[in-house]
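# Coordinates in review
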Amino acid sequence: QAALPPNHTIRALRSGDYERGFLQVLEVLTEVGNHTKEEWLERFDYIKRHNHECTYNFTIVITDDVKDRVVAAGTVFVERKFVHKNGLVGHIEDIAVDASQQGKKLGLRIIHALMHIGAKRGCYKVILDCSAKNIPFYEKCGFTQKEYEMAWYV
Ligand code: ACO
């Protein structure tokens, strides 16, 4: 496993990460929206309150502890299936590394931590969707290409 750079921490998402720029880090992915603190807490608290009811949803971040900023983030959620005898599947979503911090193995650390969380929670596989240009990154993380993604936008 690659080591984290000095003064960096990997940990669970906290409500105070609103101020540490968690939502700004996600902007490398897509439009995030300008959440007020109240709108952020609405979603953060909902996930926390309902986390063990059906789908387990866990977000981790890497922080730069000198700057007190979030620099990378990722989520795994656990789907409860009937197939594979009530099997569990982990889904990795919203992997984002701050543009100025890319290429320092932070993405790799986030993915390996999420794979580990999925395995510890009993998933028989962990899957994700990505663009063609990110395939080499996920292969380096230990994934292999399977199937195709389909989407329907409402
Ligand atoms: N093409 C080829 N190799 C790559 C690429 C790429 N696009 N990206 C990373 N790699 C390689 C690195 O060179 C490195 O290889 P090495 O071990 O031989 O040196 C290895 O993959 C690990 O790279 P990291 O330094 O950990 O990559 P980084 O921290 O930059 O994170 C990420 C990669 C997440 C794709 C980041 O660049 C990013 O946030 N991009 C913009 C947002 C994005 O595309 N997120 C993923 C969406 S898919 C999803 O969320 C499920």
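Residues numbered from 1 in each chain as written. Predicted model: local features only at pLDDT ≥ 70, side-chain atom pairs only at ≥ 80, totals over all residues. Heavy atoms only, no water.

### Examining helix H4 (residues 106–120)
Relative to the 21 Å expected for 15 residues at 1.5 Å per residue, H4 spans 21 Å between its end C-alpha atoms, a close match to the ideal helical length. Residues of H4 that are buried in the fold lie against strand S1 (8–12), strand S2 (56–64), strand S3 (69–80), strand S4 (88–97), strand S5 (125–127) and helix H5 (135–141). Just beyond H4, the residue with positive phi is Gly-122, at close to 100°. (Helix = DSSP H or I, 4+ residues; strand = E, 2+ residues; numbered from the N terminus. Expected span 1.5 Å × (residues − 1). Contact = heavy atoms within 4.5 Å.)

### Concerning the sheet that holds S4
Spatially, the 5 strands line up as an open sheet ordered S1-S2-S3-S4-S5, and their pairing is mixed. This sheet does not close on itself; its edge strands, each paired only once, are S1 and S5. Sheet twist, expressed as the mean angle between neighbouring strand axes with direction ignored, is 20°. Where S2 and S3 come together, 9 bridges link them in antiparallel fashion. Paired with Thr-59 across the strands is Thr-75, a residue of S3. (Pairing = 2+ DSSP bridges. Axes fitted to C-alpha atoms, helices over the stretch in contact; angles between N-to-C directions.)

### Looking at the pattern of salt bridges
Enumeration over the complete set of coordinates arrives at 5 salt bridges. Residues Asp-17 and Arg-11 are paired through a salt bridge, measuring 2.8 Å at the closest nitrogen-oxygen approach. Through salt bridges with shared partners, a single network forms among Arg-11, Asp-17, Arg-20 and Asp-68. (Salt bridge = Lys/Arg side-chain N within 4 Å of Asp/Glu carboxyl O.)

### Examining the pairing of S2
Counting buried positions over the 9 residues of S2 gives 7, a clear majority of the element. Relative to S2, S1 runs antiparallel, the two sharing 5 bridges. Within S2, the position partnered with Thr-9 by the bridge is Thr-63. In this antiparallel pair of consecutive strands, S2 and S3, the connection spans 4 residues, and Asp-68 shows a positive phi of 55°. (Buried < 20%, exposed > 50% of the residue type's maximum accessible area, 1.4 Å probe, protein only.)

### Describing the nonpolar core
Among the nonpolar cores identified, the biggest contains 22 residues, and Ile-92, Ile-95, Ile-110, Ile-111, Leu-114 and Phe-143 are the most heavily contacted of them. Listing elements by their share of this core, those giving two or more residues are S2, S3, S4, H4 and H5. Sort the elements by how many residues they give to this core and H4 lands first, with 6 residues. With near-sequence residues (within four places) excluded, Ile-92 lies in contact with Thr-75, Val-76, Ile-111, Leu-114, Met-115, Val-126, Ile-127, Leu-128 and Phe-143. (Core = buried A, V, L, I, M, F, W, Y, C linked by side-chain atoms within 4.5 Å.)

### Some remarks on the side chain of Thr-75
With respect to the element layout, Thr-75 can be found in strand S3. Judged by relative accessible area, Thr-75 falls into the buried class, the value being 11%. Within polar-contact distance, the side chain of Thr-75 engages the side chain of Thr-59 at 2.7 Å. Dropping the residues within four chain positions of it, Thr-75 is found in contact with Asn-57, Phe-58, Thr-59, His-91, Ile-92, Glu-93, Asp-94, Ile-95 and Leu-114. (Polar contact = N/O pair within 3.5 Å; in protein donor to acceptor, adjacent residues only side chain to side chain.)

Any functional reading would require information beyond the geometric quantities listed.
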